[in-house]
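Commentary on secondary and tertiary structure
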Amino acid sequence: MDTSAKAGIWVIATGVVIALLYLGRAIMAPFALAVFLFFVMEGFARIIDERSELLKRGWSRAIAILTVLIGFVGFIALLARGVAQFGAQSVSYERKINALIGRPAKVICNEGGQRFLASIANATGDLSGDVVLIFIYIGFLFLAQSAWPAKLDQIFPDTDKRAQAKTVGDAARRGIETYLWTQTVISALITALTYVTLLILGVENALFLAALIFILNYIPTIGSIVAALVPPHFALVQPGVPDWVTGSDPRDAYVYAGLVFAGVSFWQFAIGNFLQPRMMGDSLNLAALVVLLALAIWGALWGIPGMF
């Protein structure tokens, strides 16, 4: 078979795989999220097991599973509650938007903001409906994990090759678990500090915005940028402003949004540039261009869950 024929086969195969991923996104996206949660649970269980001499591996895993599942369900409920609150206040937000001076603010807050909130609402609705399916996937992943050594023996009858495959697989899995768990800790720290900052500044629905920042920080490169821009936009159009904001001039809302942006960006910059590299070390070796390309492709295929 000549080179052109092989290239044609690869192009066709790639197109078929992409089409299947897009058409099967309702099934594959929850499975991908289940795999993500599975690695977070295993990473958490491994850390508990390594740092506790009293708990056995089974108890460490049980604590990790219970903690992650409770946090996941609580997070979805928090997002749903926040979206409902914003929907209930839509009239008040619209009045505030109309009071702002200049067309740019209306374009940003009215069109872009509505699309963004609609995307979050749709993603939250999809996750809420897929919770049971995700839990089933996680259960089967843990069951399949116990049978993996036997399957590895069948795939690699040769002892040396089997040992080499196990070494590579363990290293890859450990790297993924370490990265995801470390990123979870970093995102939780940024979220907690941002939540306190939003409360001090008097931003409404601070808990919802902080939870949104938590999930956005999992998206490489773009996530931290969007996380720094979301709270100022909502602060700009929130119906009520703190007493220390004059409020008589609509342009004061821009000053208030700028202060919110500065407060949120500080934690993103400080932790992202100083603490995160120390915790991550050299475990993440990704080119920015590759990350952006992957975000664009998976975002097009699966939307926000794909980027996540």
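Residues numbered from 1 in each chain as written. Predicted model: local features only at pLDDT ≥ 70, side-chain atom pairs only at ≥ 80, totals over all residues. Heavy atoms only, no water.

All told, the structure shown has 1 salt bridge when counted by the stated rule. The partner of Glu42 in a salt bridge is Arg61, and the shortest N-O contact between them spans 3.1 Å. With Glu42 in helix α2 (residues 25-51) and Arg61 in helix α3 (residues 57-88), the pair connects residues that are 19 residues apart, well separated along the chain. Glu42 sits in the buried class, given a relative accessible area of 2%. A residue is classified by how much of its surface remains accessible, and Arg61, at 24% relative accessible area, is partly exposed. (Salt bridge = Lys/Arg side-chain N within 4 Å of Asp/Glu carboxyl O. Helix = DSSP H or I, 4+ residues; strand = E, 2+ residues; numbered from the N terminus. Buried < 20%, exposed > 50% of the residue type's maximum accessible area, 1.4 Å probe, protein only.)

Attention shifts here to the packing of aromatic side chains. Applying the stated criterion across every chain yields a total of 4 aromatic pairs. When the centroid spacing of 4.8 Å and the interplanar angle of 70° are considered together, the rings of Phe38 and Phe142 count as edge-to-face. Here Phe38, found in helix α2, pairs with Phe142, found in helix α5 (residues 103-155); they are 104 residues apart in sequence, far enough to count as distant. For Phe38, a relative accessible area of 7% puts it in the buried group. Residue class for Phe142 comes out buried when judged on its relative accessible area of 15%. One aromatic cluster is present, formed by Phe38, Phe39 and Phe142 through successive ring pairs. (Phe/Tyr/Trp six-rings, centres within 6.5 Å; stacked < 30°, edge-to-face > 60°.)

This brings us to unusual backbone geometry. Residue Asn205 is not a glycine yet carries a positive backbone phi of 55°. Within the secondary structure, Asn205 is located in the loop between α6 (159-201) and α7 (206-216).

Judged by nonpolar contacts, the single largest core of 28 residues is most densely connected at Leu198, Val203, Leu209, Leu212, Leu216 and Val260. For Val260, the contacting residues outside a window of four places in its chain are Leu198, Leu201, Val203, Pro231, Pro232 and Ala235. In this structure, Leu37, Ala64, Tyr179 and Trp181 belong to the second largest nonpolar core, which totals 26 residues. (Core = buried A, V, L, I, M, F, W, Y, C linked by side-chain atoms within 4.5 Å. Contact = heavy atoms within 4.5 Å.)

The next subject is the side chain of Asn217. As for its position among the elements, Asn217 is in the loop between α7 and α8 (222-237). Here Asn217 falls in the buried class, since its relative accessible area comes to 8%. If we skip the residues at most four places from it in the chain, Asn217 touches Gln183, Ser187, Ile190, Ser224, Ala227 and Gln268.

Relative to the assigned elements, Thr197 resides in helix α6. Only 2.8 Å separates the side chain of Thr197 from the backbone oxygen of Leu193, close enough to count as a polar contact. With near-sequence residues (within four places) excluded, Thr197 lies in contact with Gly263 and Trp267. (Polar contact = N/O pair within 3.5 Å; in protein donor to acceptor, adjacent residues only side chain to side chain.)

Turning to the confidence of the model for the chain, a few remarks are in order. Looking at the chain, pLDDT values average 75 and 75% of them are 70 or higher. Mean pLDDT across the elements of the chain ranges from a minimum in helix α4 (residues 90-99), with 61, to a maximum in α7, with 84. Across residues 103-110 the pLDDT falls below 50, and counting only partners more than four positions away or on other chains, this stretch makes 15 contacts in the model. (pLDDT = per-residue confidence, 0-100.)

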